[in-house]
Amino acid sequence: MTQSNPQLLANIRVVLARTSHPGNIGAAARAMKTMGLSQLVLVEPAVFPNSQADAMASGAIDVLADARVCSTLAEALADTTLALGVSARRRDIVAEILMPQQAAVRLLTEAQAAPVALVFGNETSGLSNEELSLCQGLVTIAANPQYSSLNLAAAVQVLSYEVRRVWLDQPGWPDRELDAASGAEIERFYGHLETALADLDFLHPGSPGKLMLKLRRLFSRTRLSREEVNILRGILSAAQQAKKAGTRPSNS
Ligand code: SAH
């Protein structure tokens, strides 16, 4: 029997966004380690490091010690080529909703080539629109509709378990379908898009309103390849050039 490759699990990171309670961070670390996951990234944790986190981590203190702290979610996802938001509701943002098992297959497939992420939200407010707009899919744990909100670390446990189960079950992985762009490449594209739309007078730089968020939502419904990002940026550059040439005072 082929052994499941541990490198796949090392490429799957758990990102906790704006966690309020340090105990949950420790409990999440423990949940991860029991399932063989080790890459914990904290985005703007309210309190970290902390003794309550250490106590709840128990024997998973090494996962906490190795945790990376980032100031933005974009930074946490910069080198990932797939990020899935984990959320009980918020069906309004990303069209496709995955079951944990489907999410695990996607993550493990992509993890053959690059780091991937599961993104969990704040205990009270969940994931914001901005945070979800950085994800290419949404995972929901089928829970009691009358009471569907799991504790943060319990949600981490469910997803980590599904990842492990799929990892153990399926030693042969399908080929990666796409040379996906990384989070940082996609962020550079959004930056270029915003500048180009301002240059074309389509967007007022002072008040972008919800346009950029809506455009992010459009693109996050699909996964962009590296090549597609380059094509889109080429189109933007051509439009910017044409605008510049068109507005140049004529020298007649
Ligand atoms: N009141 C918040 C609950 C946040 S619970 C809300 O409704 O969004 C903290 C985190 O645990 C969530 O952001 C999500 O990442 C995860 N979570 C809790 N219950 C979940 C469920 N049923 N499905 C998927 N994720 C869940």
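Note that the structure is predicted; figures quoted are calculated from it, not measured.

**Overview of the overall build of the chain**
Okay, step 1: When helices and strands are tallied, the chain shows 11 helices and seven strands.
Okay, step 2: Taken along its principal axes, the extent of the C-alpha atoms in the chain is 80 × 45 × 35 Å.
Okay, step 3: Looking at the 252 residues of the chain, the share that counts as buried comes to 46%.
Okay, step 4: Summed over all atoms, the accessible surface of the chain reaches about 12,800 Å², with 52% contributed by carbon and sulfur.
Okay, step 5: Placing the 24 positive and 24 negative side-chain charges of the chain at their respective mean positions leaves the two points 4 Å apart.

**As for the layout of surface pockets**
Okay, step 1: The computed volume of the largest pocket comes to approximately 490 Å³.
Okay, step 2: For the largest pocket, the lining is made up of 22 residues, of which Ser87, Ala88, Gly126, Ser149 and Leu150 are closest to its centre.
Okay, step 3: Residue classes in the lining of the largest pocket are distributed as nine nonpolar, 10 polar and three charged.

**Let's talk about the sheet that holds strand S3 (residues 68-70)**
Okay, step 1: Pairing is parallel across the open sheet formed by seven strands, whose spatial order is S3-S2-S1-S6-S4-S7-S5. The open sheet has two free edges, formed respectively by S3 and strand S5 (97-98), since each of these has just one partner strand.
Okay, step 2: Sheet strands touched by helix H2 (residues 22-34): strand S1 (12-17) and strand S2 (39-43). Its angle to S2, the strand with the most contacts, is close to 160 degrees.

**Section: helix H9 (residues 183-199)**
Okay, step 1: With 17 residues, H9 should cover 24 Å at 1.5 Å per step; its first-to-last C-alpha distance of 24 Å lies within 8% of that length.
Okay, step 2: Among the residues making up H9, those that are buried are Gly183, Glu185, Ile186, Phe189, Tyr190, His192, Leu193, Ala196, Leu197 and Ala198.
Okay, step 3: Those residues of H9 hidden inside the fold are in contact with helix H5 (73-77), helix H10 (211-220) and helix H11 (226-247).
Okay, step 4: Positioned one or two residues after H9, Asp201 has a phi angle of 60 degrees, which is positive.

**Topic: the nonpolar core**
Okay, step 1: Of all hydrophobic cores here, the largest spans 42 residues; its most connected members are Leu16, Leu40, Leu118 and Phe120.
Okay, step 2: Sort the elements by how many residues they give to this core and helix H8 (residues 152-169) lands first, with eight residues.
Okay, step 3: The next biggest cluster of nonpolar side chains, apart from the first, holds 16 residues, and it includes Val41, Ala76, Leu127 and Leu134.

**A word on H11**
Okay, step 1: Here H11 contains 22 residues, and its C-alpha end-to-end distance of 32 Å stays within 8% of the 32 Å for a straight helix at 1.5 Å per residue.
Okay, step 2: What H11 keeps buried is the set Val229, Leu236 and Gln240. Along the axis of H11, the buried positions cluster into a sector of 40 degrees, meaning they face one direction only. Turned more than 90 degrees off the buried face of H11, the exposed positions are Glu227, Asn230, Ile235, Gln241 and Gly246.
Okay, step 3: For H11, the secondary structure elements touched by its buried residues are H9.

**A few points about the domain arrangement of the chain**
Okay, step 1: For the chain, the assigned domains are domain 1 (6-169) and domain 2 (183-245).
Okay, step 2: Measuring from the centre of the C-alpha atoms in domain 1 to the corresponding centre in domain 2 gives 28 Å.
Okay, step 3: Of the residues lining the interface, 17 residues belong to domain 1; the matching set on domain 2 comes to 10 residues.
Okay, step 4: A buried area of about 1,100 Å², summed over both sides, lies between domain 1 and domain 2, and 54% of it is on carbon and sulfur atoms.
Okay, step 5: On the surface where domain 1 and domain 2 come into contact, there are one salt bridge.
Okay, step 6: When the shortest N-O distance is used, the salt bridge between Glu110 and Arg223 registers 3.1 Å.
Okay, step 7: Listed by contribution, the elements that provide at least two residues to the side of domain 1 that touches domain 2 are H5 and helix H7 (129-132).
Okay, step 8: Here the side of domain 1 that touches domain 2 is composed, by residue class, of nine nonpolar, five polar and three charged.

Cut-offs used in this document
Residues numbered from 1 in each chain as written. Predicted model: local features only at pLDDT ≥ 70, side-chain atom pairs only at ≥ 80, totals over all residues. Heavy atoms only, no water. Helix = DSSP H or I, 4+ residues; strand = E, 2+ residues; numbered from the N terminus. Buried < 20%, exposed > 50% of the residue type's maximum accessible area, 1.4 Å probe, protein only. Areas by Shrake-Rupley, 256 points an atom, 1.4 Å probe, with all protein chains shown as cover. Lys, Arg positive; Asp, Glu negative; His and termini not counted. Charge placed at Lys NZ, Arg CZ, Asp CG, Glu CD. 1 Å grid on protein atoms, 1.4 Å probe; cavity = no way out; pocket = protein on both sides within 12 Å on 5 of 7 lines; lining within 4 Å. Points joined across faces, edges and corners; volume = space filled by probe spheres on them. Nonpolar A, V, L, I, M, F, W, Y, C, P; charged D, E, K, R; others polar. Pairing = 2+ DSSP bridges. Contact = heavy atoms within 4.5 Å. Axes fitted to C-alpha atoms, helices over the stretch in contact; angles between N-to-C directions. Expected span 1.5 Å × (residues − 1). Core = buried A, V, L, I, M, F, W, Y, C linked by side-chain atoms within 4.5 Å. Arc of directions from axis to C-beta. Domains from an automatic or database assignment. Buried area = accessible area lost by both parts, 1.4 Å probe. Salt bridge = Lys/Arg side-chain N within 4 Å of Asp/Glu carboxyl O.

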